[in-house]
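Residue-level listing of the chains:
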4 protein chains.
Amino acid sequence: MIRAGIINVTGYVGGELARLLLGHPEVRVTSVTGRSEAGRRLPDVFPHLWSLDLAITEQLRDDVDVVLSALPHAAAAQALEPYIRAGTPVIDCSADFRLHDPDTYQHWYGEHPARDLLAQATYGLPELHRDAIRESRLVAVPGCYPTAAILALAPLLAGALVEDALVVDAKSGLSGAGRALKLGSHFAEVDGALSAYGLDGHRHQPEIAQELGALQPNGRTPQVTFVPHLIPMTRGILATAYATARAGALPAERQLARAELAQRYQAFYEGHPFVHVTASGPSTKHTLGSNACLLYPNVDAVTGQVVAIAALDNLGKGAAGAAVQCLNLMCGFDESAGLSVAAIYP
Amino acid sequence: MIRAGIINVTGYVGGELARLLLGHPEVRVTSVTGRSEAGRRLPDVFPHLWSLDLAITEQLRDDVDVVLSALPHAAAAQALEPYIRAGTPVIDCSADFRLHDPDTYQHWYGEHPARDLLAQATYGLPELHRDAIRESRLVAVPGCYPTAAILALAPLLAGALVEDALVVDAKSGLSGAGRALKLGSHFAEVDGALSAYGLDGHRHQPEIAQELGALQPNGRTPQVTFVPHLIPMTRGILATAYATARAGALPAERQLARAELAQRYQAFYEGHPFVHVTASGPSTKHTLGSNACLLYPNVDAVTGQVVAIAALDNLGKGAAGAAVQCLNLMCGFDESAGLSVAAIYP
Amino acid sequence: MIRAGIINVTGYVGGELARLLLGHPEVRVTSVTGRSEAGRRLPDVFPHLWSLDLAITEQLRDDVDVVLSALPHAAAAQALEPYIRAGTPVIDCSADFRLHDPDTYQHWYGEHPARDLLAQATYGLPELHRDAIRESRLVAVPGCYPTAAILALAPLLAGALVEDALVVDAKSGLSGAGRALKLGSHFAEVDGALSAYGLDGHRHQPEIAQELGALQPNGRTPQVTFVPHLIPMTRGILATAYATARAGALPAERQLARAELAQRYQAFYEGHPFVHVTASGPSTKHTLGSNACLLYPNVDAVTGQVVAIAALDNLGKGAAGAAVQCLNLMCGFDESAGLSVAAIYP
Amino acid sequence: MIRAGIINVTGYVGGELARLLLGHPEVRVTSVTGRSEAGRRLPDVFPHLWSLDLAITEQLRDDVDVVLSALPHAAAAQALEPYIRAGTPVIDCSADFRLHDPDTYQHWYGEHPARDLLAQATYGLPELHRDAIRESRLVAVPGCYPTAAILALAPLLAGALVEDALVVDAKSGLSGAGRALKLGSHFAEVDGALSAYGLDGHRHQPEIAQELGALQPNGRTPQVTFVPHLIPMTRGILATAYATARAGALPAERQLARAELAQRYQAFYEGHPFVHVTASGPSTKHTLGSNACLLYPNVDAVTGQVVAIAALDNLGKGAAGAAVQCLNLMCGFDESAGLSVAAIYP
């Protein structure tokens, strides 16, 4: 059993990390921190974790073997810097180590607290970077929207099947907005409410563009119009991605084109235990609490547009589940240890 | 007071017609029909209408002055044919009189029961066809998705501002799927579930294309990729429409482009009491139970794509509210009689 | 048209007062206040009220004919005192003028800001005090739970049908908890969550006891065990009240006992337009946005306990609707003006 | 690994049995049946179980070591009779083997298909009957409401602390109503709807009375007024139980009485891994997907009534989780194998 420390356990991602590791056969959570909640017991903050009765402290214990952080950006890099420099394996759920280009980071997030560390970081999407994650000591867990968008589009861009102009219409449940109090998270404001947000630009856009650009044979960064929406539900992300097939890239007949897409997606994700290509449009409902990502590539019946859909649990494969998957790879455990592909249903 | 009859009052659109007309100062509902529920009292089917204690019959009374139908397609045309031929004002909430081209109708719905009547019908979107509705005796209430999509995009196509390839990513609450029993409407299946549907083609697509094509100065039918999604909420539609601005059609600078779009939308809908151009992304929550349609045209911060968003209540402006608005125009009442622009909130 | 001022329009009750009065044929809202939002326009705070474009100010205009307050307790009495002393008709939605006994007030709420005014106040439940409300210039709108509990139990206590020990198990949607931000109102915390609260005593208990005691022929205050629960929905209260029939007070045979109860409830509420005795257990769904209160008295099939159920909209008959009903009585308008008995459905 | 068969896997309880056993270290599901779905693959019916790709058949394979049934009553006894007579360990989630008295069964359910087998059955509540379950080959999983009600009240009745007249006001999410289609389960009918049901008597009442009566030192069957309510959420039961303390049974001072109750509950459930006595009112939210039952005994601040609250997941501890817990005991596995006490949160 290795000993894991969770920094900022008191948000939704931190709580989910604790829940998942509580059921992990090779890991024991031995230390948890929280800023405003230091001094309390974990079950006082999260009653569902009454069987993990740890004290919440300001700092992690010294004797942890691996560090997982659920701090927001900037705070994460600051808190993790000593562990990274000391060579402790670190898994960060913030945006701090996701973008390779420090100028892009600065544009969206402000000055990076530790620019020189960016080069050590691996983007924690095992379906694209499994070997690199295995070798890495600093893994950046992808954003929840980017995980959905990238997995939905990766086979298209890697296969040079579509043009550069992409639309990602993404929808998320409320837990993605965090546990902090704001009017926009009040139940009476959210229930029955459906709206787009981030309409002046959303920080997950550059992450999607970076990873998709790296996949294109020509290396070009695609033009990604990314519009997120808030859905009155707690967990789940659905990304509906629209792309125009390159001339001649797919069969003209729709059923043949769909079959070809299905085959290419199957091949692209072969051997990846958490990605499942479905036979019809997937539902977030089939991912609740799991680490699964369901994908459905399709061709529009009227216009022939390629429409690729991804569904996942934003706190599972979109955050804490992905973190545990990366931890498993970094530590040499079974990639699926402590994780489930079967959702809670209904 | 004129006397109104509602055919098939027992579905959600029928029930909403009854509720709205119950508060209408110029109309009295005097006759309601329902297929399987004939013989019961209306409040036994809809307890919220306990103050409208009518018998549900198989046929309308003869002495109604106007007929509103909430029957599904095909059945609607059959039931309405005698009234239309007799010259009684008819408002139909089905698809039977929406498409001008009988072949297009046939492709999506099957053989039309009364092809020769199509020429008499007016598409019941007052924001595009107010004068024609005033003169018409047969009005087809638009589909809920088309209302949102068309109102979101109309100023762009009428102004020749965008290219022909459009994406409409639409999201609807469950009441749009009707009151019939199916696994997909079961609460435990819908709660927390988010998915796309109609991925093999949805019948509202040709309606959107027809109306947007008629708006284009060049008359060309645009290529509309239309993907609807089911949202775990009861009422509300949000349509997020994506279009590419024609070269030079909008200012290059984003804020200027947005301001120009806002101005054009304001001008296009001036004098239309139920359309409101908002200053930020609208929420379906602000339309519940009302006849309002909220519109927000925007320009993507990264790619410059035009993103136009519409929010409305699918049973209000998307169905029964629109029917009452058309009835008001047909009968020479105040266009807003019996209708509200203020939503129930929260 | 009389001119109404709304104090503290920016909460849920205040917003609902504005919405209802917007549709009132005899009243025009001419002035609205809000503490932290002063200086903004009303539609900036409540987008659903875009057609009521008033400035939010710190103080009401001088020329209002009637004052409605949606301030919380203590603040309400302080703000209203000058209007009351000046003889302006005042309708207060807080607890400040509900309890006749200042010591009881003090026990639950602290020192009363204006004890001497209590004697002028009328408890604003028209089904019990209609004539007094007509004569009053200071009406205290009942709490949402008390309205449901009292209307459910009133005929039983007035008829001396039950013993003194009562249980009221009440359930409310989230809007009853107000618009203020707290973890307990966060969507992700509420969705799928069902719990009791106020388990150390809830302030609505003494109000229920006061009114029910006054109804008993013997004048005794009953023993009311009151337990509220929070339900994952926005609007609606259901109160399930349990009482033991006095020996011989009801027929021994269950169907006869139920019929007798139904008859007594019908008689008790005859002539009250918003109370409706139902033929089976009512749903909050059938009250959304309306001023209706649905009642169902029953006798348990196994034990013979009397079980009386009330359903209403906590922001309608439970707050703002009741305020408008009282305003109508105070001003000599039709009791139903601006109010609806038909709910938004579904 | 033992081989388990699940009869009627296609409902919610059946699906949850499959999900739980998929993660069980000692059990492999090798055969599943479904009436109308025979011939399909399990993941076609339940996409969340895509990793358990079994054929759904009409009959179980012969080589299963244990049989779990999720059939409804009557059908269950018929289908299970051969296995019971053959001595195969059987766990039944229906009501068929819960009531010891065949006449009581007949009153509520009709003629029992196999009266003579009742004597072999054990009521599958390990917190009351753990040793008997270990020895049994036929276990009846308790109803979801009875599990909550009995666990909430057991220490009170076993300790002779309360009078015989009990009120159980119970609230359940929709999944308890099953997967069958009915208007009452339609999302648009349930969302925002709160109502009592079963007001002419509910079949779970005699089960509660039977078990609580057996606990009383005097063996008397208590008078249980049981009223269930439907809550707009998918999973979760909350039972709020009201009882009158016997004279002198509890300290007069409220805090002392509460402390004594807490202590008695702790002692009563000591060594039972899934029952947790909480320090404040529990929420169903903290039980989602787990096998936990959270209990909070309290004394009303005004009246001194004992109010005991239980929260659990109706498909977890209320059905499939309890079945797996019993299976573990019957097979000599760790009582917690395959089960979790930590809920999915939020």
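These remarks concern the structure in this document.

Cut-offs and rules
Residues numbered from 1 in each chain as written. Chains lettered and ligands numbered in written order. Predicted model: local features only at pLDDT ≥ 70, side-chain atom pairs only at ≥ 80, totals over all residues. Heavy atoms only, no water. Least-squares fit on C-alpha atoms with pLDDT ≥ 70 in both. Contact = heavy atoms within 4.5 Å. Axes fitted to C-alpha atoms, helices over the stretch in contact; angles between N-to-C directions. Helix = DSSP H or I, 4+ residues; strand = E, 2+ residues; numbered from the N terminus. Left-handed = near helix turned anticlockwise from the far one by under 90°. Nonpolar A, V, L, I, M, F, W, Y, C, P; charged D, E, K, R; others polar. Pairing = 2+ DSSP bridges. Core = buried A, V, L, I, M, F, W, Y, C linked by side-chain atoms within 4.5 Å. Buried < 20%, exposed > 50% of the residue type's maximum accessible area, 1.4 Å probe, protein only. Buried area = accessible area lost by both parts, 1.4 Å probe. Salt bridge = Lys/Arg side-chain N within 4 Å of Asp/Glu carboxyl O. Phe/Tyr/Trp six-rings, centres within 6.5 Å; stacked < 30°, edge-to-face > 60°. Polar contact = N/O pair within 3.5 Å; in protein donor to acceptor, adjacent residues only side chain to side chain.

### Observations concerning the relation of the copies chain C and chain B
Phase 1: Rotating chain C by 180° and moving it 0.0 Å along the rotation axis overlays it on chain B with an RMSD of 0.0 Å. The transformation just described matches what one would write down for a two-fold rotation axis.
Phase 2: Both copies share a contact surface, since 100% of the interface residues of chain C are interface residues in chain B too.

### Here's the deal with the relation of the copies chain B and chain A
Phase 1: You can overlay chain B on chain A at an RMSD of 0.0 Å; the transform is a turn of 180° with a shift of 0.0 Å along its axis.
Phase 2: Mapped onto chain A, 100% of the interface residues of chain B again fall at the interface, so both copies present the same surface.

### Comments concerning the packing of helix 5 (residues 126–135) of chain D against helix 10 (residues 316–331) of chain D
Residues and elements named next belong to chain D.
Phase 1: Look at helix 5 against helix 10: their axes get within 9 Å of each other, and the N-to-C directions meet at 35°. Relative to helix 10, helix 5 is oriented so that their crossing is right-handed. Where helix 5 abuts helix 10, its residues P126, E127, R130, I133 and R134 lie against K317, Q325, C326, L329 and M330.
Phase 2: In the contact of helix 5 with helix 10, the residues fall into 5 nonpolar, 1 polar and 4 charged.

### Examining the sheet that holds strand 8 (residues 165–172) of chain A
Sheets are built from strands paired through backbone hydrogen bonds, the pairs being either parallel or antiparallel.
Residues and elements named next belong to chain A.
Phase 1: As summarised here, the arrangement of the 7 strands in space is 9-10-8-11-14-13-12, forming an open sheet in which the pairing is mixed. What marks the edges here is a single partner per strand, and that holds for strand 9 (195–196) and strand 12 (275–277).
Phase 2: Here 7 bridges tie strand 13 (residues 293–299) to strand 14 (residues 306–312), and the two strands are oriented antiparallel to one another. Paired with Y296 across the two strands is I309, which belongs to strand 14.
Phase 3: Its contacts with the sheet put helix 8 (residues 205–215) on strand 8 and strand 10 (223–230), and the angle it makes with strand 10 is roughly 140°.

### Observations regarding the nonpolar core
Phase 1: Core analysis: the largest hydrophobic core is formed by 118 residues, its most contacted members being L17 of chain A together with L17 of chain B.
Phase 2: When near neighbours in sequence (up to four residues on either side) are disregarded, L17 of chain B contacts I6, L68, A70, C93, A320, A323 and V324 of chain B.
Phase 3: V29, L52 and L294 of chain C together with L52 of chain D belong to the second-largest nonpolar core, a separate cluster that totals 117 residues.

### Considering the environment of F46 of chain D
Phase 1: Relative to the helices and strands, F46 of chain D is located in the loop between helix 2 (42–45) and strand 3 (56–57).
Phase 2: Given a relative accessible area of 1%, F46 of chain D falls into the buried group.
Phase 3: Between the alpha carbons of F46 of chain D and V9 of chain D there is a distance of 9.7 Å; along the sequence they are 37 residues apart.
Phase 4: Among all residues touching F46 of chain D, those that are not within four sequence positions of it are Y345 of chain A together with V9, T10, G11, G15 and R179 of chain D.

### Structural notes on the interface of chain B and chain A
One widely used convention gives an interface's size as the accessible area the parts lose upon coming together.
Phase 1: If you look at the interface, chain B gives 47 residues, while chain A gives 47 residues.
Phase 2: Of the roughly 3600 Å² buried between chain B and chain A, counting both surfaces, carbon and sulfur atoms make up 58%.
Phase 3: Per-residue buried area on chain B facing chain A is highest for L194, L199 and Y242 of chain B; these three make up 17% of the total on that side.
Phase 4: The interface formed by chain B and chain A contains 6 salt bridges.
Phase 5: With a closest N to O distance of 3.0 Å, D169 of chain B and K171 of chain A form a salt bridge.

### Focus: the packing of aromatic side chains
Phase 1: The final tally for this structure, using the stated rule, is 18 aromatic pairs over all chains.
Phase 2: Ring centres of Y145 of chain A and F226 of chain A lie 5.2 Å apart, and the angle between their planes is 70°; on these two criteria the pair is classed as edge-to-face. Of this pair, Y145 of chain A sits in helix 6 (residues 144–158) while F226 of chain A sits in strand 10, and the two are 81 residues apart along the sequence.
Phase 3: The buried category is assigned to Y145 of chain A, whose relative accessible area is 3%.
Phase 4: Ring centres of F268 of chain D and Y269 of chain D lie 4.9 Å apart, and the angle between their planes is 75°; on these two criteria the pair is classed as edge-to-face.

### Some details on the side chain of H112 of chain D
Residue and element names in this part refer to chain D.
Phase 1: By the element assignment, H112 lies in the loop between helix 4 (102–109) and strand 6 (122–123).
Phase 2: Residue class for H112 comes out buried when judged on its relative accessible area of 4%.
Phase 3: A polar atom in the side chain of H112 sits 2.7 Å from the backbone oxygen of D96.
Phase 4: Among the polar contacts listed, one links the side chain of H112 to the backbone nitrogen of A114, at a separation of 2.9 Å.
Phase 5: Not counting the four nearest positions on each side in its chain, H112 is found in contact with A77, D96, F97, Y105 and L118.

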